[in-house]
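Inside the fold
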Amino acid sequence: MKNHYGLMQLSTVVVFVLFGGTAAALEPQFDARIDYPAGKSPQSVCSFDFDGDGDYDLAVTNTFTDSISVFENNGDGTFQTPAVYGLGDVYQLRNILAADFNGDGYLDFAISASIRGMVLILLNKGDGTFQEGLGIHTGRDCYFVVSGDFDNDDDYDLATCSFPLQEVAVYMNRGDASFEPADIYSVGGRPGSAFAADLDGDGNIDLATANADYKSVSVLTNDGAGSFSPSIEYGVGNSPGPIIGDDFDGDGYIDLATANVISNDISILFNLSDDITSIRDDLPSELPLGYSLAQSYPNPFNPEAVIEFTLPVRAEVSLDVFNILGRKVRTLMTGELSAGDHQLVWDGRNSSGKQVSSGVYLYRLTSGEYSATRKMVLVK
């Protein structure tokens, strides 16, 4: 893969910096824009700490120059001249996302390429520079790609939607950034974007697509092993494009929103799922009775939450914290514990030691075939 700086045809990325002070605390205000050169026709942008230095960097796909531009943060909100990675010819790069696909602790890239029918994987060398990995030949127009641990094996899988076709393809990660052949699921006509999160409150990552031809959103629920139910359709505005999800009404459930190109509006779908605190607390009949995971306290909490659980026998256990989108925030404990009552404290920090933002978080206790999940709310 060629790694070069600068391209003949350039566009720009615009960054606005929020400044502090009394007025800014009452009403958001932004400084004058700062422009940074990118490749021609930037299509998608994502922001993560790619180089592990504690600040947020940027990555942009450049559709008409078949490249991505990676902007390293100087630590003060300004960015260096981008490193530009050329990815071939006539790919029509679409969206970009970041996840650790090979389990080495560093964020890699997955990029959808609509013309070639591929998902391109760029692996992080550990210093915020990248090399080509094992791309996925989808065999179909790959318009959008999302990621999540769909089969609960602690690595990041992929799902793609094909704009001309009525389908979603799900690829399970083997743990090394190579992927199993796709499982195909039918959705509404011309799905142009997708969203991955726990939508039904069972602790598993589900999928939703925005379908331009059907004026609908398709929701596919995950059984926990990476298989999805037939889609359920929900009506939205005319020609929905992007789809996103968040807890818009503050009830602890992920709601959905689409931006609708032809009807010139947005559609909000409020989540009516059962109480998220009841996530998969059922015990398999062959397990001994006595496992329990208590509600954390205080709840809401700030700055610390106490988590208590009980084991009926000595066992290997794992206690993990996830955000509402199902991404792991921190592993609080993994190892063998004796039978009896146990208590752990979460200080509201992620695995990098940074304080997380206010919101709803899930904590999951796993021991053998037993798994229980509950929610807690951090309020600052």
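Residues numbered from 1 in each chain as written. Predicted model: local features only at pLDDT ≥ 70, side-chain atom pairs only at ≥ 80, totals over all residues. Heavy atoms only, no water.

A count of helices and strands for the protein chain gives one helix and 30 strands. Counting the 380 residues in the protein chain, one finds 48% classified as buried. In the protein chain, the share of contacts with a sequence separation of at least 24, taken over all contacts with a separation of at least 6, comes to 45%. Per element, the accessible surface of the protein chain, about 17,300 Å² overall, is 52% carbon and sulfur. (Helix = DSSP H or I, 4+ residues; strand = E, 2+ residues; numbered from the N terminus. Buried < 20%, exposed > 50% of the residue type's maximum accessible area, 1.4 Å probe, protein only. Contact = heavy atoms within 4.5 Å. Areas by Shrake-Rupley, 256 points an atom, 1.4 Å probe, with all protein chains shown as cover.)

A few words on the sheet that holds strand S25 (residues 305-311). Strand order in this open sheet of three strands is S24-S25-S28, and the pairing throughout is antiparallel. Pairing within the sheet leaves two strands with one partner each, and these edge strands are strand S24 (292-293) and strand S28 (340-346). (Pairing = 2+ DSSP bridges.)

Counting residues in each nonpolar core, the largest one holds 24 residues, and the members touching the most others are Leu 293, Leu 319, Val 321, Trp 346, Tyr 361 and Met 376. Among the secondary structure elements, those contributing two or more residues to this core are S25, strand S26 (315-323), strand S27 (328-337), strand S29 (359-367) and strand S30 (370-378). With near-sequence residues (within four places) excluded, Trp 346 lies in contact with Phe 301, Pro 303, Glu 304, Ala 305, Val 321, Val 329, Arg 330, Leu 332, Val 356, Tyr 361 and Met 376. (Core = buried A, V, L, I, M, F, W, Y, C linked by side-chain atoms within 4.5 Å.)

The next subject is the sheet that holds S30. Taken in spatial order, the four strands of this open sheet run S27-S26-S29-S30, and their pairing is antiparallel. The open sheet has two edge strands with one neighbour each: S27 and S30. Across the sheet, the mean angle from the axis of one strand to that of its neighbour is 15°, orientation sign disregarded. Where S29 meets S30, nine bridges bridge the pair, whose relative direction is antiparallel. Counted as the bridge partner of Gly 359 is Leu 378 from S30. (Axes fitted to C-alpha atoms, helices over the stretch in contact; angles between N-to-C directions.)

To continue, consider the pairing of S26. Consecutive residues of a regular strand have side chains that alternate between opposite faces of the sheet. Among the nine residues of S26, seven are classified as buried, and the element is accordingly described as predominantly covered. Sheet topology note: the S26/S27 ladder contains eight bridges and is antiparallel. Looking across to S27, one finds that Ala 315 is bridged to Leu 337. Bridge analysis of S26 against S29 gives six bridges, and the strand direction is antiparallel. For Ser 318, the partnering residue across the bridge sits in S29 and is Thr 366.

Right, let's talk about the packing of aromatic side chains for a bit. As enumerated under the stated definition, the model contains 13 aromatic pairs in all. Here Tyr 36 and Phe 71 contribute two aromatic rings whose centre-to-centre distance is 6.2 Å and whose plane-to-plane angle is 70°, an arrangement assigned as edge-to-face. Of this pair, Tyr 36 sits in strand S3 (residues 34-39) while Phe 71 sits in strand S6 (residues 67-71), and the two are 35 residues apart along the sequence. By relative accessible area, which is 1% here, Phe 71 ends up buried. (Phe/Tyr/Trp six-rings, centres within 6.5 Å; stacked < 30°, edge-to-face > 60°.)

So, about the pattern of salt bridges. Taken as a whole and assessed by the stated rule, the structure comprises seven salt bridges. Asp 213 is the partner of Arg 190 in a salt bridge, and the nearest nitrogen-oxygen pair spans 2.7 Å. With Arg 190 in the loop between strand S16 (183-186) and strand S17 (191-197) and Asp 213 in the loop between strand S18 (206-211) and strand S19 (216-220), this pair connects stretches of sequence that are 23 residues apart. On the basis of relative accessibility, which here comes to 45%, the residue Asp 213 falls in the partly exposed class. The closest approach of N and O atoms between Asp 320 and Lys 328, which form a salt bridge, is 3.9 Å. Judged by its relative accessible area of 37%, Lys 328 is partly exposed. Each member of the salt-bridge network shares a partner with another, and the members are Asp 154, Asp 320 and Lys 328. (Salt bridge = Lys/Arg side-chain N within 4 Å of Asp/Glu carboxyl O.)

Attention shifts here to unusual backbone geometry. Across the junction of Tyr 297 and Pro 298, the peptide omega takes the value -10°, indicating a cis bond. Following the sequence through the fold, Pro 298 ends up in the loop between S24 and S25. Going from Asn 302 to Pro 303, the amide bond is cis rather than trans, its omega being 5°. Residue position: Pro 303 is located in the loop between S24 and S25.

The next point concerns a nonpolar patch on the surface. A cluster of nonpolar side chains, Ile 244, Phe 248, Ile 266, Ile 268 and Phe 270, forms an exposed patch at the surface whose accessible area comes to about 500 Å². By relative accessible area, Ile 266 is classed as exposed at 61%. (Patch = residues over 30% accessible without salt bridge, like charges linked within 9 Å, V, L, I, M, F, W, Y side chains within 5 Å.)

A word on the state of the cysteines. This model, assessed by the stated rule, comprises zero disulfides. The cysteine Cys 142 is free of any disulfide, with Cys 161 supplying the nearest cysteine sulfur at 7.6 Å. (Disulfide = S-S within 2.5 Å.)

Attention shifts here to the environment of Gly 88. With respect to the helices and strands, Gly 88 occurs in the loop between strand S7 (83-86) and strand S8 (93-99). Residue Gly 88 is classed as partly exposed on the basis of its relative accessible area, which comes to 38%. Separated by 21 residues in sequence, Gly 88 and Ser 67 place their C-alpha atoms 7.7 Å apart.

Detail in the predicted coordinates should be disregarded across regions flagged by low pLDDT. Residues of the protein chain with pLDDT of at least 70 account for 88%, and the chain-wide mean is 83. pLDDT under 50 marks residues 275-288. Its contacts with residues more than four places away, or in other chains, come to 33 contacts. (pLDDT = per-residue confidence, 0-100.)

Quick look at the environment of Gly 75 now. Relative to the assigned elements, Gly 75 resides in the loop between S6 and S7. Residues Gly 75 and Gly 54, spaced 21 residues apart in sequence, show a C-alpha to C-alpha distance of 8.1 Å.

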